[in-house]
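# Chain and residue survey
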Amino acid sequence: GVGGGAGPAGEKSFFHGKEERNYAGESWLAPPKDRKKENDHCYAPKRLIHTWTGHTKGVQAIRFFPRHGHLILSAGMDSKIKIWDVHNTGKCMRTYLGHDKAVKDINFTSDGARFVSASHDKKIKLWDTETGKVISTFTSGKMAYAAVLHPEKQNILMAAQSDKKIVQYDMNTGDVVQEYDQHLGAVNTVTFVDEGRRFVTTSDDKSMRVWEFGIPVVMKYIADPSMHSMPAVTLSPNQQWLACQSLDNQIMIYSAKDRFRLNTKKRFTGHANGGYACQPNFSPDGRFVMSGDADGKCVFWDWKSRRIFKTLRAHDKVTIGCEWHPLETSKVATCSWDGTIKYWD
C-alpha cells in the first residue's frame, strides 16, 4: 500500500484508500461536514446492511471514531488493527501492524487523532490514527486486559493487568506514575466515572473496587458470595449507571455515583455469555441495553421494562463486541470471533 513506512520491530502501516488527502487538502481522517445527528430517539436495528471482512482471525473489539462515527477501528486476533470506512465505500482504509500477538483492547483519544492498543504480546502501543505511526510503546512485562485513557487528562493511560495491578502511565514521559495493587486476581476492566475523578475496576477475584484517581487505596470494595466475575463493563450515556457483564448470564447494573450500589430492580437476562467477556453497551439515548452472546446473537433490552426488545442472529461464533453509532440513531456494529464486523440498521 501507499504510505507504508516501517518503524522499529516490524511496526508498519498500510493506507488502502484512494488518497491520503483530497483535492481540498483534507486528510482521509477528517469527518464529513454534512452529517448531523438525525434525532435523539434511538431505534433497535432490524437488518444487516454491510459486512467488513479482512481480519484472518477473530475480531476482539470495535470502536467508532469519536462523535462522528465515519470510521470504525477494529482489534484483531490476527495481531492487526484495521480502520474501516463506514458511510461510503465500506473499505478498509488503513492497517496498523506492530503487535506480535492478538490485540485485546483498543481505545481512541477523545478527538480520534490517536488510539491505544493492548495485545497478548504484553505491549501497549500509542498510534497516530492518520499516519499509522507508533508514537510510543509501553510494557511492564505483564499482559494488559484493558488499556483505558483518562477522559480529561489524555496523556494518562491505565492498564488493567494480569498480575492483579492497575498501572498508570504518563504517556508523555513513558513513566509509571502510580500502581493500584489490591485486587486478588487478574484485573479485567477500568472504567472512569465522575469526570475522571474516580475509576471502577473488576477482576477475576469476583470483586468490584472503586478508587480515587491518583490514590492507590480502595475507596469502596464491592463483593459478596453471590457475585460472579464481571469481565466487561460500560458506563451509561447519562453517567449514572455501570452495566456489568456477569458470567452467570446476567447484566448487572450498579450506581456510578457515591454508593455504587447494585440496582436490584435492573437485571438483564435471556442471553448466554458462556464465560465470554461480551461487551455490554447502551444506545446513546439510554433507552436500550445491548450485548452479544456466546451463540453469535446480539440482544437488545428495553432499559425501562428490562424485557428483550429484539434479538439479532448476528454471527457464527461469539458476538464479543457491539457499538451503537454515535450519530445514526438506528445503526449498530457488531464484531465476532468469526472474523467479521457487521453493520445493522
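Residues numbered from 1 in each chain as written. Predicted model: local features only at pLDDT ≥ 70, side-chain atom pairs only at ≥ 80, totals over all residues. Heavy atoms only, no water.

## Brief notes about the pairing of strand E12 (residues 156-161)
Rules: When accessible area is computed with a 1.4 Å probe and restricted to protein chains, residues below 20% of their type maximum are described as buried, those above 50% as exposed, and intermediate ones as partly exposed. Helix and strand assignments come from DSSP, with helices taken as H or I runs of at least 4 residues and strands as E runs of at least 2, each series counted from the N terminus. By the convention used here, strands pair only if DSSP detects at least 2 bridges between them.
Burial of E12 is extensive: six of the six residues sit out of reach of the surface. Here E12 shows a buried face lined by Ile156, Met158 and Ala160 and a second buried face lined by Leu157, Ala159 and Gln161. In this structure, strand E11 (residues 144-149) lies alongside E12, joined through five bridges in antiparallel fashion. Residue pairing in the sheet places Ala146 in a bridge with Ala160 of E12. Linking E11 to E12, which pair antiparallel, is a turn of six residues. Where E12 meets strand E13 (residues 166-170), five bridges bridge the pair, whose relative direction is antiparallel. Looking at the pairing, Ile156 lines up with Asp170 of E13. From the end of E12 to the start of E13, which pair antiparallel, there are four residues, and Lys164 there has a positive phi angle of about 80 degrees.

## Some remarks on the sheet that holds E12
Threshold: Lines are fitted to the C-alpha atoms to define the axes, a helix being fitted only along its stretch in contact, and any angle between axes, read from their N-to-C directions, falls within 0 to 180 degrees.
The four strands lie next to each other as E11-E12-E13-E14, forming an open sheet whose pairing is antiparallel. Either end of the sheet is taken by a strand with one partner, and the two such strands are E11 and strand E14 (175-180). Sheet twist, expressed as the average angle between the axes of neighbouring strands with direction ignored, equals 25 degrees.

## Description of the pairing of strand E18 (residues 218-222)
In this sheet, E18 lies alongside strand E17 (residues 208-212) in antiparallel orientation, the contact comprising four bridges. Looking at the pairing, Met208 lines up with Ile222 of E18.

## Points about the pattern of salt bridges
Note the cut-off: What makes a salt bridge here is a side-chain nitrogen of Lys or Arg within 4 Å of a carboxyl oxygen of Asp or Glu, nothing more.
In this structure the tally under the stated criterion is 17 salt bridges. Notably, a salt bridge pairs Arg63 with Glu323, separated by 3.4 Å at the nearest N-O pair. Here the residue Arg63 occupies a position in strand E3 (residues 59-64), and Glu323 occupies one in strand E27 (residues 319-324), the gap between them amounting to 260 residues. The same class applies to Arg63 and to Glu323, which are both buried. In this structure, Asp285 engages Arg287 in a salt bridge whose closest nitrogen and oxygen atoms are separated by 4.0 Å.

## A few points about the state of the cysteines
Definition in use: Note that a disulfide, as used here, is simply two cysteine sulfur atoms within 2.5 Å.
In this structure the tally under the stated criterion is zero disulfides. Counting only cysteine sulfurs, Cys278 is the nearest neighbor of Cys244, a cysteine outside any disulfide, at a range of 14 Å. Sulfur of Cys322: no disulfide; nearest cysteine sulfur belongs to Cys298 and is 4.6 Å away. Looking at Cys322, the relative accessible area reads 1%, which means it is buried.

## Some words on the packing of aromatic side chains
Where we set the bar: Stacked, tilted and edge-to-face are the three classes assigned to paired rings of Phe, Tyr and Trp, where Trp is represented by its six-membered ring and a pair needs centres within 6.5 Å; plane angles under 30 degrees give stacked, over 60 edge-to-face, the rest tilted.
On inspection of all chains with the given rule, the structure shows 22 aromatic pairs. Ring geometry for Phe15 against Trp28: centres 5.4 Å apart, planes inclined by 50 degrees, an arrangement best described as tilted. Separated by 13 residues along the polypeptide, Phe15 in strand E1 (residues 12-15) and Trp28 in the loop between E1 and strand E2 (48-52) bring together distant segments of the chain. What makes Phe15 buried here is its relative accessible area of 3%. Between Tyr276 and Trp337, the ring centres sit 5.0 Å apart and the planes meet at 85 degrees, which makes this aromatic pair edge-to-face. Of this pair, Tyr276 sits in the loop between strand E22 (262-269) and strand E23 (281-282) while Trp337 sits in the loop between strand E28 (332-336) and strand E29 (341-344), placing them 61 residues apart in sequence. For Trp337, a relative accessible area of 30% puts it in the partly exposed group. Counting every residue linked through ring pairs, the aromatic cluster contains Phe65, Tyr96, Phe108, Phe115 and Trp127.

## So, the sheet that holds strand E4 (residues 71-76)
Paired through backbone hydrogen bonds, the strands of a sheet run either parallel or antiparallel to each other. If you trace the five strands from one edge of the open sheet to the other, you get E1-E6-E5-E4-E3, paired in antiparallel fashion. In this open sheet, the two strands that pair with only one neighbour each are E1 and E3. Within the sheet, the average angular offset between the axes of one strand and its neighbour, ignoring direction, is 15 degrees. Relative to E4, E3 is paired through five bridges, and the arrangement is antiparallel. Along E4, the bridge assignment pairs Phe64 with Ile72.

Distances and angles like these do not, on their own, reveal function.
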